[in-house]
There are 2 protein chains.
Amino acid sequence: MAAQTKPVLHGYFRSSCSWRVRIAFALKGVDYDQVPVNLIKDGGQQLTGQYKALNPMQQVPAVEIDGIILSQSLAVIQYLDETRPGPRLLPADPKKRAQVRMISDLIASGIQPLQNVHILQKIGAEKLQWAQHFIDRGFKALEEILKKTAGKCCVGDEISMADICLVPQVYNAERYKVDVGQYPTIKRLNQTLLEIDAFKVSHPSCQPDTPVDLQA
Amino acid sequence: MAAQTKPVLHGYFRSSCSWRVRIAFALKGVDYDQVPVNLIKDGGQQLTGQYKALNPMQQVPAVEIDGIILSQSLAVIQYLDETRPGPRLLPADPKKRAQVRMISDLIASGIQPLQNVHILQKIGAEKLQWAQHFIDRGFKALEEILKKTAGKCCVGDEISMADICLVPQVYNAERYKVDVGQYPTIKRLNQTLLEIDAFKVSHPSCQPDTPVDLQA
């Protein structure tokens, strides 16, 4: 049966969208194979015809699962949640689910696309300033929302897709030298979440394609 | 009961994300009030303190519904789908749901954020070229995906959130003079969908805040 085949994640150790999917697999306890797609080497392996067949957007991640190919990390995460047992990645309550999706989309549509590698290459010399501007704009809004929704996690005390989006975005923020200390709720949640196994094993510092000098 | 109060949509006639939510309300047959937020007038009414309390991201839409405030159009649409009767906005089958979300996110994360008003203001003189670049990049990928998933609609023959995202994005593409004829599947789906009542009544040309010279 196709559903029994191990899923394959085509991703990149440092891609925040790939990390989201790795966290979801880890939280669900789903075993999967990784195929590294190096976004830098050879001018970007995501640009090859072979990869384009998996994801016409030529971005990571792409996931082969249950006989279909999915791209867009939140679509993958919600598919996992709807087809795999294990802890829920979205709460049962519709209002809380909506808040989880609102926070996830604020990051996945409102921040990440504006600071990803392709955009920053187009921006050129001012890329650090550009990335900081959009991460700060998003984090200011996110901090206000999280003040109202957060418990130990982004929405209440249960880990959800919102947390899966938050931690890799904070990693990007630190990479672009944003002062995360300005956002006490974001900072606290990130620290708490980074203690959890699923976030540790999926971290960019310990993937099969992590270069030796970036390994933890 | 809070759930019985009419929802309030804070939006802008020409915002593609506001239009998405209007289509969803119309498909579900949910009566709602509109409060216009003019993104241009007074330097942008979304920047006021009053609006920021509704949506800290200072973007439209924001929706007051069932005693909570939601932003991010896909979160709103999925909340409506999970709490309101009427035609499904996501299919029942998990694989098809995943494809609907993949297409929706390709537009909502992969295209729209890169060509919205705030970004184009930052880009300055080359804004038309910039918008065209990112819409074309997204449409090339979308066309490949839709060739495999589409029937009369983006995924099979049933209207879904993917269609709700597609039509306003094509409207933006035309606004930025992208030749949509290059994408025959996108063009065909858009034409079919524009014949449907829910897409007509929610169109930017006939909203309470549509300026007289832009009315159909």
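How each quantity is defined
Residues numbered from 1 in each chain as written. Chains lettered and ligands numbered in written order. Predicted model: local features only at pLDDT ≥ 70, side-chain atom pairs only at ≥ 80, totals over all residues. Heavy atoms only, no water. Helix = DSSP H or I, 4+ residues; strand = E, 2+ residues; numbered from the N terminus. Contact = heavy atoms within 4.5 Å. Disulfide = S-S within 2.5 Å. Buried < 20%, exposed > 50% of the residue type's maximum accessible area, 1.4 Å probe, protein only. Expected span 1.5 Å × (residues − 1). Phe/Tyr/Trp six-rings, centres within 6.5 Å; stacked < 30°, edge-to-face > 60°. Domains from an automatic or database assignment. Buried area = accessible area lost by both parts, 1.4 Å probe. Salt bridge = Lys/Arg side-chain N within 4 Å of Asp/Glu carboxyl O. Polar contact = N/O pair within 3.5 Å; in protein donor to acceptor, adjacent residues only side chain to side chain. Nonpolar A, V, L, I, M, F, W, Y, C, P; charged D, E, K, R; others polar. Pairing = 2+ DSSP bridges. Axes fitted to C-alpha atoms, helices over the stretch in contact; angles between N-to-C directions. UniProt positions renumbered as here; feature names shortened; annotations may be inferred.

**Student:** So, the environment of phenylalanine 139 of chain A: which residues are in play, and what are the values?
**Tutor:** All names here are of chain A. Along the chain, phenylalanine 139 turns up in helix α6 (residues 127-149). Separated by 27 residues in sequence, phenylalanine 139 and leucine 166 have C-alpha atoms that sit 10.0 Å apart. The residues touching phenylalanine 139, leaving out its near neighbours within four places in the chain, are Ile111, Gln169, Val170, Ala173, Tyr183 and Ile186.

**Student:** Requested: an account of the state of the cysteines, with residues and values cited.
**Tutor:** Each disulfide consists of a covalent bond between the sulfur atoms of two cysteine residues. Residues and elements named next belong to chain A. Inspection of every chain in the model, using the stated rule, returns zero disulfides over all chains. Considering cysteine sulfurs only, cysteine 154 is the nearest to cysteine 153, which forms no disulfide, with 7.3 Å between them. Taking the relative accessible area as the measure of exposure, cysteine 153 reaches 4% and is therefore buried. Residue cysteine 154 is classed as buried on the basis of its relative accessible area of 0%.

**Student:** Requested: an account of helix α1 (residues 16-28) of chain A, with residues and values cited.
**Tutor:** Residue and element names in this part refer to chain A. Compared with the 18 Å implied by 1.5 Å per residue over 13 residues, the 19 Å span of α1 between its first and last C-alpha is a close match. Considered for burial, the residues of α1 that qualify are Ser16, Cys17, Ser18, Trp19, Arg20, Val21, Arg22, Ile23, Ala24, Phe25, Leu27 and Lys28. Within two residues after α1, glycine 29 carries a phi angle of roughly 70 degrees, on the positive side.

**Student:** How would you summarise the packing of aromatic side chains if you had to cite specific residues and measurements?
**Tutor:** For the coordinates displayed, the defined rule picks out eleven aromatic pairs over all chains. With 5.5 Å between their ring centres and 85 degrees between their planes, tryptophan 19 of chain A and tyrosine 171 of chain A make a pair best called edge-to-face. Residue tryptophan 19 of chain A is found in helix α1, and its partner tyrosine 171 of chain A is found in helix α7 (residues 161-175); the two are separated by 152 residues along the sequence. Centroid distance phenylalanine 139 of chain A to tyrosine 183 of chain A: 5.6 Å. Interplanar angle 85 degrees. Geometry classified as edge-to-face. In this pair, phenylalanine 139 of chain A sits in helix α6 while tyrosine 183 of chain A sits in the loop between α7 and α8 (184-193), placing the two residues 44 residues apart along the sequence. Note on phenylalanine 139 of chain A: relative accessible area 0%, which makes it buried. The exposure class assigned to tyrosine 183 of chain A is buried, which follows from its relative accessible area of 3%. Linked through ring pairs, Trp130 and Phe134 of chain A together with Trp130 and Phe134 of chain B together constitute an aromatic cluster.

**Student:** Describe the domain arrangement of chain A, and please don't skip the residues or the numbers.
**Tutor:** All names here are of chain A. Along its sequence, chain A is organised into domain 1 (2-87) and domain 2 (94-199). For domain 1 versus domain 2, the separation of C-alpha centres amounts to 20 Å. Note on domain 1 versus domain 2: buried area summed over both sides is about 1600 Å², and carbon and sulfur give 70% of it. Taken as a group, Arg14, Trp19 and Arg20 account for 35% of the area that domain 1 buries against domain 2, more than any other trio of residues on that side. Across the domain 1-domain 2 interface, the total number found is zero salt bridges. At the surface where domain 1 touches domain 2, the tally comes to two residue pairs in polar contact (both at pLDDT 80 or more). Those elements giving two or more residues to the side of domain 1 that touches domain 2 turn out to be α1 and α3 (73-83). For the side of domain 1 that touches domain 2, the residue count by class is eight nonpolar, three polar and two charged.

**Student:** Just give me the short version of the sheet that holds strand β3 (residues 62-65) of chain B, but keep the residues and values in it.
**Tutor:** Residue and element names in this part refer to chain B. Taken together, the four strands give an open sheet; going across it, the order is β2-β1-β3-β4, and neighbouring strands pair in mixed fashion. The sheet terminates laterally at β2 (33-36) and β4 (68-71), the two strands that pair on one side only. On average, each strand axis in the sheet is tilted by 20 degrees relative to the strand beside it, whichever way the strands run. Of the strand pairs in this sheet, β3 and β4 are connected by four bridges, and their pairing is antiparallel. Across the sheet, residue valine 63 finds its bridge partner in β4, namely leucine 70. Packing of helix α1 (residues 16-28) onto the sheet brings it into contact with β1 (8-11), β2 and β3, and relative to β1 it is tilted by some 155 degrees.

**Student:** Help me get a handle on the pattern of salt bridges, residues and values and all.
**Tutor:** Pairing of side chains with opposite charge becomes possible as their charged atoms draw close. Under the criterion given, the structure shown has 14 salt bridges over all chains. Between arginine 101 of chain B and glutamate 82 of chain A there is a salt bridge whose closest N-O contact spans 3.2 Å. One end of the pair, arginine 101 of chain B, is in helix α4 (residues 94-110); the other, glutamate 82 of chain A, is in helix α3, on a second chain. For arginine 84 of chain B, the salt bridge is made with aspartate 66 of chain B, and the minimal N-O distance between the two is 2.7 Å. Here the residue arginine 84 of chain B occupies a position in the loop between α3 (73-83) and α4, and aspartate 66 of chain B occupies one in the loop between β3 and β4, the gap between them amounting to 18 residues. Connected through shared salt-bridge partners, Lys6, Asp31 and Asp33 of chain A make up one network.

**Student:** Residue-level account of the UniProt feature "domain: GST C-terminal" (unreviewed entry) in chain A, with values.
**Tutor:** Per the UniProt record, the feature "domain: GST C-terminal" (unreviewed entry) sits at residues 93-212 of chain A. Between the end C-alpha atoms of residues 93-212 of chain A the distance is 44 Å, and the span holds 64% helix and 0% strand.

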